[in-house]
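Each chain, written out:
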Amino acid sequence: MQVTILGCGGSGGVPQIGGEDGRGWWGACDPENPLNHRTRSSILIEGNGGGRLLVDTGPDLRTQLLACGVPGVDAIVYTHDHADHIMGMDEVRLLNRIAGRPLEAFGMERTLAILRQRFDYAFLPSTGPIFFRPAVDPVRLQAGDAALMAGHEVQTFRQDHAVMDTLGLRIGNFAYSTDLVHLPEESLARLHGLDTWVVGCFQRRPHKVHANLDQVLDWVARLRPRRTVLTHMSPDLDHGWLRGNLPPGVEPGHDGMRIEVHC
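In this report, the structure presented in the accompanying data block is examined. (Residues numbered from 1 in each chain as written. Predicted model: local features only at pLDDT ≥ 70, side-chain atom pairs only at ≥ 80, totals over all residues. Heavy atoms only, no water.)

**Remarks on the packing of aromatic side chains**
For the coordinates displayed, the defined rule picks out 2 aromatic pairs. With a centroid separation of 6.3 Å and an interplanar angle of 90 degrees, the aromatic rings of Phe119 and Tyr121 are classed as edge-to-face. The exposure class of Phe119 is buried, given its relative accessible area of 5%. On the numbers, 6.3 Å between centres and 50 degrees between planes, the contact of Trp197 with Trp219 is tilted. (Phe/Tyr/Trp six-rings, centres within 6.5 Å; stacked < 30°, edge-to-face > 60°. Buried < 20%, exposed > 50% of the residue type's maximum accessible area, 1.4 Å probe, protein only.)

Right, here's the structure in full:
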């Protein structure tokens, strides 16, 4: 199975808008290192007998799919309804044209309700084959449910984002956890025996709604995945600094990173 990190930045990306010259605020990140350029967090899962499963449709979706050479997707799963994970919905209409049909959109009840509020036209009868608006077929999930998504057997689990629950995903020996500050015990129990874990790590110091570096390293020490890749990183986390300070088996992600998961 192959996982592509389409984007690994937080809600503002890296660099963030601003800076003294208006060319962006980099925080602790070295602007000369291209691996510090981060768009909003999203991944693509494919292979191992399944199709292309897109996780979230953030505002950078068009740029991400073009940069990573993604020819189309077969289904979408939403981790939650925050803007940096849903505001690329309008790009789905081109994915509809490629697929020739509406795309299944998996998510928790709250997530799908917010999507319907903001993008009601995506839930109307489709305008295929032209698809002048996006078209999704909603599939409701509760955290803890298992579902077949684009041919992949996906086990979901609950994550605490402080302001809401988010959806974690496990497919075989791979798991994806973004936008969380706490993992309930029943969710931690679903994460043993991983080959690869892509997990949100926002910054070094504690944060109200996101896991910080010490928290993530504590989880890693407990779960012992073979490989851990950090995502949803703020400008506080420089790629080079992370490379020099993380323990073996833990590394920063970067936009366009392709990960081969050992099944």
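**A closer look at the sheet that holds strand S9 (residues 165-171)**
The sheet built from 7 strands is open, its strands ordered S7-S8-S9-S10-S11-S12-S13 with mixed pairing. With partners counted over all chains shown, the strands left at the sheet margins are strand S7 (146-149) and strand S13 (250-252), one partner each. Pairwise comparison of adjacent strand axes, ignoring direction, gives a mean angle of 25 degrees for this sheet. Docked against the sheet, helix H6 (residues 213-223) engages strand S11 (196-200), strand S12 (227-231) and S13, running at close to 160 degrees with respect to S11. (Pairing = 2+ DSSP bridges. Helix = DSSP H or I, 4+ residues; strand = E, 2+ residues; numbered from the N terminus. Axes fitted to C-alpha atoms, helices over the stretch in contact; angles between N-to-C directions. Contact = heavy atoms within 4.5 Å.)

**Considering the sheet that holds strand S1 (residues 2-7)**
Taken together, the 7 strands give an open sheet; going across it, the order is S6-S5-S4-S3-S2-S1-S14, and neighbouring strands pair in mixed fashion. In this open sheet, the two strands that pair with only one neighbour each are strand S6 (136-141) and strand S14 (257-260). The sheet shows a mean angle of 20 degrees between the axes of neighbouring strands, taken without regard to direction. As judged from the 6 bridges shared by strand S5 (residues 103-108) and S6, these two strands associate in the parallel manner. Paired with Leu103 across the strands is Val136, a residue of S6. Each of strand S3 (50-55), strand S4 (75-77), S5 and S6 touches helix H3 (residues 92-99); the most contacted strand, S5, lies at about 135 degrees to it. Of the strands in this sheet, S5 and S6 are in contact with helix H4 (residues 109-118), which crosses S5 at around 125 degrees.

**So, the environment of Ala147**
Within the secondary structure, Ala147 is located in strand S7. C-alpha of Ala147 to C-alpha of Ile114: the two residues are 33 residues apart in sequence and 21 Å apart in space. Apart from the residues within four sequence positions on either side, Ala147 is in contact with Phe106, Leu141, His152, Glu153 and Val154.

**Details of unusual backbone geometry**
Cis geometry marks the peptide bond from Val14 to Pro15, where omega comes out at 0 degrees. With respect to the helices, strands and loops of the structure, Pro15 is situated in the loop between S1 and strand S2 (42-47). Following Gly128, the chain continues to Pro129 via a peptide bond in cis, the omega torsion being 5 degrees. Looking at where Pro129 falls in the secondary structure, it is placed in the loop between H4 and S6. You will see that Phe131, though not glycine, has its phi angle at about 55 degrees, which is positive. Under the relative-accessibility criterion, Phe131 is labelled buried at 1%. Backbone geometry at Ala150 places phi at a positive 50 degrees, although glycine is not the residue there. Counting through the fold element by element, Ala150 comes out in the loop between S7 and strand S8 (152-160). Given the relative accessible area of 17%, Ala150 is considered buried.

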